[in-house]
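Residues per chain, in single letters:
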Amino acid sequence: MASKAPSISRYKSLVNLVAAIALSLLIIASNGNPAMDRTRGFVLEASAYLYVPIQWVETIFTIEKDYRELQQRHIKAQIELNKTRTLVKENQRLRSMLGFKGDKNFNVIPANVLSDVGSHTMNSLTVDQGSDDGVTLLSGVVDAEAQLVGKVVAISPHTALVQLVSDKNFRVSVREMRSRDVGILSYSLKTGYVIQDVPKNAEVIAGDSVVTSGFSDIFPEHIFVGWVSAISPVVEDYVKSVRVDLATDFNRVEEVFILK
Amino acid sequence: MFGIIKNSILGILVLIFQWMLGDIFSIYGLTPSFLVIFIIYIGLTNSQLHAIWLGFFLGFIIDALTGTDMMGITALALSAVGYLSGIFHGRIVRIPVIVQYLLYTGFLLVFFILTVMISLQDSQFATGNIVFLILLPKTLYTLALLSGTFIVLRVGAE
């Protein structure tokens with residue numbers, strides 16, 4: 001019996017390993033399944049209970065500095081708002097003269113960043129607003145400067161997971177402001193942020209602004225994305241690639257605004 | 001039972017550390033994995049079964065928190081590493097130090113091959129670039145942290 005015991009113990013470990021691997025493979029195969037999304041939402045919700053008290057303590061030390069910064073931003077924003085109000089009225093008047101339909105209106109839900117995770121496979125951050133606060137799946141997310149951040153890919157009642165622009169699976173339709181041409185922006189470790197399939201004859205130069213095109217239901221038009229940094233040589237007959245420097249600094253993002 | 005509870009609490013703390021503070025240790029985008037160091041430690045010093053199932057659950061939770069599109073891969077990788085490290089439970093002190101560190105390197109390679117290579121299989125990176133620019137540097141960086149941790153905790157020392 002004594003000589004049998006070690007081999008039984010090794011067999012038990014192997015069975016447990018096979019069971020763990022089988023469960024892991026089942027989970028991998030179930031990715032995208034609604035049950036798996038609900039499980040992910042539950043884990044996010046549970047993690048928020050751990051993170052919120054820690055963030056509350058951090059906030060105590062930064063609250064005055066944040067207040068001063070917000071005051072300054074508010075004053076600058078008010079000045080810009082006054083200028084913009086005049087332009088909006090004139091724009092509306094001209095559009096109605098031309099018979100254009102009205103723009104979509106977007107409300108925003110402010111949210112604090114609970115954690116961010118960056119890796120070679122996934123870039124995301126967790127925020128403290130969820131379905132109970134009006135957040136829906138595939139909502140667009142911008143930062144305090146109304147610059148592109150990402151979109152909501154998973155939600156729970158009080159938290160949401162935001163897929164960042166820097167994630168390898170993220171795609172967004174953008175417009176280059178000089179030529180007005182539209183392309184799809186994506187990111188990879190090798191090439192950085194690139195707009196693919198820009199027409200070869202598009203007049204694009206370094207420094208041009210890039211904004212969202214408004215062709216999706218997720219992002220309205222004119223959300224600032226970044227600036228053209230380089231234009232790749234023509235590799236096919238009709239298109240070229242345009243490299244972009246992103247405006248958003250993900251290292252400094254502490255609060256975001258979810259488009260509703 | 002007390003051992004299971006203690007290891008589980010430690011595992012949660014390591015997971016929280018990895019999730020919230022892991023990026024602080026990032027060098028040129030390469031983040032070490034404290035979870036795999038923890039699972040190797042559990043396998044060598046506690047129990048192979050603890051290491052397998054703790055690895056599975058912690059791997060599952062970290063995949064859910066990071067929002068990866070291949071949820072379950074870290075659970076699979078950590079379970080495998082837990083099993084492998086558990087083979088040397090109680091025997092690691094009898095193995096020469098150089099062989100110990102070769103084993104640790106092997107465990108880390110298994111983990112990173114499963115998590116890095118499979119996740120990046122459809123990326124624009126060539127396999128060689130993935131191996132030399134991501135896989136090996138992450139393995140060496142995590143090995144350095146593992147070495148420091150195990151020296152302090154006297155793992156593998158008689």
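Here the structure is shown first, and the text comes after it.
Quick caveat, the model's predicted, so the values are computed rather than measured. (Residues numbered from 1 in each chain as written. Chains lettered and ligands numbered in written order. Predicted model: local features only at pLDDT ≥ 70, side-chain atom pairs only at ≥ 80, totals over all residues. Heavy atoms only, no water.)

K.L.:
Hey, could you run me through the overall build of chain A in this one?
P.N.:
A tally of regular secondary structure across chain A gives two helices and twelve strands. When burial is assessed residue by residue, chain A has 39% of its 260 residues classed as buried. Carbon together with sulfur atoms contributes 57% to the accessible area of chain A, which is approximately 15600 Å² in total. (Helix = DSSP H or I, 4+ residues; strand = E, 2+ residues; numbered from the N terminus. Buried < 20%, exposed > 50% of the residue type's maximum accessible area, 1.4 Å probe, protein only. Areas by Shrake-Rupley, 256 points an atom, 1.4 Å probe, with all protein chains shown as cover.)

K.L.:
When you look at the pairing of strand E11 (residues 239-246) of chain A in this model, what are you seeing that I'm missing?
P.N.:
Remember that side chains alternate between the two faces of the sheet whenever the strand is regular. Residue and element names in this part refer to chain A. Of all eight residues that make up E11, six are buried, and the element is covered over most of its length. Looking at chain direction, strand E10 (residues 224-231) and E11 are connected through five bridges and run antiparallel. Looking across to E11, one finds that Ala 230 is bridged to Arg 243. (Pairing = 2+ DSSP bridges.)

K.L.:
It is not clear to me how helix H1 (residues 2-21) of chain B should be interpreted in this structure. Could you clarify?
P.N.:
Side chains three or four residues apart in an α-helix point the same way, a direct result of the helix having 3.6 residues per turn. For H1 of chain B, built from 20 residues, the straight-helix expectation of 28 Å at 1.5 Å per residue is met to within 8% by its first-to-last C-alpha distance of 28 Å. For H1 of chain B, every residue scored as buried is listed here: Asn 7, Gly 11, Val 14, Leu 15, Ile 16, Gln 18 and Trp 19 of chain B. (Expected span 1.5 Å × (residues − 1).)

K.L.:
Is there a simple way to explain a nonpolar patch on the surface in this structure?
P.N.:
Together, Met 1, Ile 4, Ile 5, Ile 9, Leu 10 and Leu 13 of chain B line one region of the surface with nonpolar side chains, adding up to about 600 Å² of accessible area. With respect to the secondary-structure elements, Ile 4 of chain B resides in helix H1. (Patch = residues over 30% accessible without salt bridge, like charges linked within 9 Å, V, L, I, M, F, W, Y side chains within 5 Å. Salt bridge = Lys/Arg side-chain N within 4 Å of Asp/Glu carboxyl O.)

K.L.:
What am I meant to see in the interface of chain A and chain B here?
P.N.:
Reports of interface size often rely on the accessible area that becomes lost once the parts have come together. Contacts between the two partners involve 39 residues from chain A and, on the opposite side, 36 residues from chain B. Summing the contributions of chain A and of chain B, the shared interface buries around 3400 Å²; its carbon and sulfur component is 68%. The tally of links from chain A across to chain B stands at zero salt bridges. Where chain A packs against chain B, one counts three residue pairs in polar contact (both at pLDDT 80 or more). Those elements that place two or more of their residues in the side of chain A that touches chain B are helix H1 (4-29), helix H2 (34-98), strand E1 (108-118) and strand E2 (123-127) of chain A. Counting residues per element, the side of chain A that touches chain B draws most heavily on H1 of chain A, which supplies 13 residues. Across the side of chain A that touches chain B, the residue classes tally to 19 nonpolar, 15 polar and five charged. (Contact = heavy atoms within 4.5 Å. Buried area = accessible area lost by both parts, 1.4 Å probe. Polar contact = N/O pair within 3.5 Å; in protein donor to acceptor, adjacent residues only side chain to side chain. Nonpolar A, V, L, I, M, F, W, Y, C, P; charged D, E, K, R; others polar.)

K.L.:
Any chance you could explain the nonpolar core here in plain terms?
P.N.:
Generally speaking, nonpolar side chains in soluble globular proteins are found buried as a group. Ranked by size, the top nonpolar core spans 59 residues in total, and within it Val 36, Ile 39, Ile 40, Leu 44, Tyr 104 and Phe 150 of chain B carry the most contacts. Elements represented by at least two residues in this core include exactly H1 and H2 of chain A together with H1, helix H2 (34-45), helix H3 (48-66), helix H4 (73-86), helix H5 (97-119) and helix H6 (127-153) of chain B. Apart from residues no more than four positions distant in its own chain, Ile 39 of chain B is found in contact with Ala 51, Leu 54, Gly 55, Leu 58, Leu 78, Val 81, Gly 82 and Ser 85 of chain B. Core analysis: the second largest hydrophobic core is formed by 38 residues, Val 127, Ala 160, Val 165 and Val 242 of chain A among them. (Core = buried A, V, L, I, M, F, W, Y, C linked by side-chain atoms within 4.5 Å.)

K.L.:
Honestly, the pairing of E10 of chain A in this entry has me stumped. Any pointers?
P.N.:
With three bridges joining them, strand E9 (residues 209-212) of chain A and E10 of chain A adopt antiparallel strand pairing. Each bridged residue has a counterpart across the sheet, and for Val 211 of chain A the counterpart in E10 of chain A is Phe 224 of chain A.

K.L.:
Sorry, what's going on with H6 of chain B here?
P.N.:
All names here are of chain B. The end-to-end C-alpha separation of H6 is 36 Å, in line with the 39 Å expected for 27 residues at 1.5 Å each. Roughly 30° is the biggest bend found in H6, and it falls at Leu 135, with proline Pro 137 one to four residues downstream. Where H6 is concerned, the buried positions are Ile 130, Ile 134, Leu 135, Lys 138, Thr 139, Tyr 141, Thr 142, Leu 143, Leu 146, Ser 147 and Phe 150. Buried residues along H6 sit against H2 and H5. Arg 154 sits one or two positions beyond H6 and adopts a positive phi of about 60°. (Bend = angle between axes of the 7 residues up to and from the residue.)

K.L.:
Before we go on, may I ask you to explain the packing of aromatic side chains in this structure?
P.N.:
Two aromatic rings, taken as a pair, are described by how far apart their centres are and by the angle between their planes. All names here are of chain B. Scanning the model with the defined rule gives 14 aromatic pairs over all chains in all. A centroid spacing of 5.7 Å and a plane angle of 55° characterise the contact between Phe 17 and Phe 25, whose relative ring orientation is tilted. Using a relative accessible area of 29% as the deciding quantity, one classes Phe 17 as partly exposed. On the basis of an interplanar angle of 70° and a centroid distance of 5.1 Å, the ring pair of Phe 25 and Phe 34 is categorised as edge-to-face. In this structure an aromatic cluster arises from ring pairing among Tyr 41, Tyr 101, Tyr 104 and Phe 150. (Phe/Tyr/Trp six-rings, centres within 6.5 Å; stacked < 30°, edge-to-face > 60°.)

K.L.:
Just to check I follow, could you spell out unusual backbone geometry for this structure?
P.N.:
Peptide bonds are, in most cases, trans, and in most cases residues other than glycine have a negative phi. Positive phi values are uncommon outside glycine, yet Leu 138 of chain A reaches one of about 65°. With respect to the secondary-structure elements, Leu 138 of chain A resides in the loop between E2 and strand E3 (140-143).

K.L.:
What exactly am I supposed to notice about the side chain of Thr 212 of chain A here?
P.N.:
Residue and element names in this part refer to chain A. Considering the arrangement of structural elements, one finds Thr 212 in strand E9. A distance of 2.6 Å separates a polar atom in the side chain of Thr 212 from the backbone oxygen of Pro 220. Beyond its immediate stretch of four places on either side in the chain, Thr 212 contacts Leu 148, Val 172, Ser 173, Val 174, Arg 175, Phe 219, Pro 220, Glu 221, His 222, Ile 223 and Val 225.

K.L.:
I'm lost on the sheet that holds strand E8 (residues 192-199) of chain A in this one. Help?
P.N.:
Taken together, the six strands give a closed barrel; going around it, the order is E6-E7-E8-E11-E10-E9 (chain A), and neighbouring strands pair in antiparallel fashion. Strand-to-strand twist in this sheet, taken as the mean axis angle between neighbours without regard to direction, amounts to 45°. (Axes fitted to C-alpha atoms, helices over the stretch in contact; angles between N-to-C directions.)

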